Amino acid sequence: MTGAHIEVDGVEVELVYKSIKRLRLSVRPPRGEVRVSAPIGTDPQFVVRLVRERIDWIRTHQRRIQELQRHGSPLMITGERLYVWGRQYQLVIVERPGRAQVTLDAGHLVLRVPVGTTADRTRRLLDGWYRIELQRAIPGVLRVWEPVVGAGATSWGIRRMRTQWGSCNVATGKIWLNLELARKDPESLEHVVVHELTHLLERGHGPRFKQLLGQAMPDWRARQRRLNASVVHPDIWELP
Ligand SMILES: [Zn+2]
């Protein structure tokens, strides 16, 4: 859907008329595009006034989006969509006294944090939770797939990697898995584990590697396509 474009104090705004009751203003990744959804018949001058009133808020959030997008980090704002094991959840941040807590509840990823917790701190809490999710899942995946591949990892670890889903040290037999895999579907974790285990038998990505991988996991190409296609998720949030 495309709407009219208006410019307000140097900020380009897409105005979309919909059969809704209330105006909605959103700043969207990846570049901080501003969109106003307005009830049909709303006076454009009313929209211009609203945008002008919110212009500082808009600019602040545009800067924030651009900065975070550069690092590939979530924004940690209620309403933002995040992924857990390939399923989309809406982030809800609840400030309340007591210990921080992360729970999944009917389509919501709820983070309960002490009042005044910064976005960076909240992001670290969520990363810690993703790490625990992976730590729980990996042993079972190894148990199932090591006999299938015919190779075993001596140990494993989780870390953030910019350009790889996994890696392995052939000399020590240790495999590393990307923390991001907790956001992807469980089939992706299996695929990456099988890929790294196969490297323990064959270093490169040559014909022998592909043959061994195909024997262990005949649908690895489809899994790889899905994983690579999932890299950028449209995270959208709206003005609270
Ligand atoms: Zn590889």
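Here the structure is a predicted model, which means the values were calculated and not measured.

## Examining the overall build of the protein
In terms of helices and strands, the protein carries six helices and twelve strands. What you see for the protein is a C-alpha radius of gyration of 22 Å, clearly larger than the 18 Å of a compact globule of 240 residues, by over 25%. Judged by the C-alpha coordinates and their principal axes, the protein covers about 70 × 45 × 30 Å. Residues classed as buried in the protein amount to 42% of the 240 residues present. In the protein, the proportion of contacts linking residues at least 24 apart, taken out of those at least 6 apart, comes to 46%. A total of about 13,400 Å² of accessible surface is found on the protein, and carbon and sulfur atoms cover 50% of it. Charge separation in the protein, taken as the distance between the mean sites of 38 positive and 25 negative side-chain charges, equals 3 Å.

## Considerations on the packing of aromatic side chains
One pass over the full model with this rule turns up one aromatic pair. Residue placement shows R159 over the ring face of W176; its charged tip is 4.3 Å from the ring centre.

## Regarding the coordination of the zinc ion
The coordination sphere of the zinc ion contains the protein donors H195 (NE2), H199 (NE2) and H205 (NE2), at a distance range of 2.0 to 2.1 Å. Here the donor residues of the zinc ion are spaced in sequence according to H-x3-H-x5-H. Under the relative-accessibility criterion, H199 is labelled buried at 7%.

## What to know about the domain arrangement of the protein
Looking at the protein, the domain boundaries give domain 1 (4-72) and domain 2 (134-229). Summarising the inter-unit geometry, the C-alpha centres of domain 1 and domain 2 are found 42 Å apart.

## Examining the environment of V51
Along the chain, the position of V51 falls in helix α1 (residues 44-53). Residue V51 is classed as buried on the basis of its relative accessible area of 0%. Residues V51 and V8 lie 43 residues apart in sequence; the distance between their C-alpha atoms is 7.0 Å. When near neighbours in sequence (up to four residues on either side) are disregarded, V51 contacts V8, V13, V36 and I58.

## Quick notes on the sheet that holds strand β5 (residues 81-84)
A sheet is described by the order of its strands in space; here four strands give the open sequence β5-β6-β8-β7, paired in mixed fashion. With one partner strand each, in any of the chains shown, β5 and β7 (101-105) form the two edges of the open sheet. Strand-to-strand twist of the sheet, defined as the mean angle between neighbouring strand axes without regard to direction, takes the value 35°. As judged from the five bridges shared by β7 and strand β8 (residues 108-113), these two strands associate in the antiparallel manner. Its bridge partner lying in β8, T103 is registered against V110.

## Regarding the side chain of D185
The residue D185 is located in the loop between β11 (174-178) and α4 (186-199) in this model. At a separation of 3.5 Å, a polar atom in the side chain of D185 contacts the side chain of R226. Excluding residues within four positions of it along the chain, D185 makes contact with W85, G86 and R226.

## Here we look at the confidence of the model for the protein
Predicted confidence across the protein gives a mean pLDDT of 88, with 92% of residues reaching 70 or more. Considering only residues more than four positions removed or in separate chains, one finds that residues 232-240, a stretch of pLDDT under 50, has 28 contacts.

## A look at helix α6 (residues 220-229)
Every buried residue of α6 is accounted for by W220, R223 and L227. Along the axis of α6, the buried positions cluster into a sector of 60°, meaning they face one direction only. Turned more than 90 degrees away from the buried face of α6 sit R225 and A229, all of them exposed.

## Concerning the nonpolar core
Counting residues in hydrophobic clusters, the biggest one holds 37 residues, and the most contacted among them are L109, L126, Y130, L134 and L189. Looking at this core, the elements with two or more residues in it are β5, β6 (87-95), β8, α3 (119-149), β11, α4, α5 (207-216) and α6. Ranked by residue count, the leading element in this core is α3, at nine residues. Sequence-distant contacts of L134, that is, excluding residues within four places in its chain, are made with W85, I158, N178, L179, L181, A182 and L189. The next biggest cluster of nonpolar side chains, apart from the first, holds 19 residues, and it includes V8, V34, I58 and I65.

Conventions used here
Residues numbered from 1 in each chain as written. Predicted model: local features only at pLDDT ≥ 70, side-chain atom pairs only at ≥ 80, totals over all residues. Heavy atoms only, no water. Helix = DSSP H or I, 4+ residues; strand = E, 2+ residues; numbered from the N terminus. Rg over C-alpha atoms; globule rule 2.2 N^0.38 Å. Buried < 20%, exposed > 50% of the residue type's maximum accessible area, 1.4 Å probe, protein only. Contact = heavy atoms within 4.5 Å. Areas by Shrake-Rupley, 256 points an atom, 1.4 Å probe, with all protein chains shown as cover. Lys, Arg positive; Asp, Glu negative; His and termini not counted. Charge placed at Lys NZ, Arg CZ, Asp CG, Glu CD. Phe/Tyr/Trp six-rings, centres within 6.5 Å; stacked < 30°, edge-to-face > 60°. Lys NZ or Arg CZ within 6 Å of the ring centre and 35° of its normal. Donors = N, O, S within 2.8 Å, 3.2 Å for Na, K, Ca; no water. Domains from an automatic or database assignment. Pairing = 2+ DSSP bridges. Axes fitted to C-alpha atoms, helices over the stretch in contact; angles between N-to-C directions. Polar contact = N/O pair within 3.5 Å; in protein donor to acceptor, adjacent residues only side chain to side chain. pLDDT = per-residue confidence, 0-100. Arc of directions from axis to C-beta. Core = buried A, V, L, I, M, F, W, Y, C linked by side-chain atoms within 4.5 Å.

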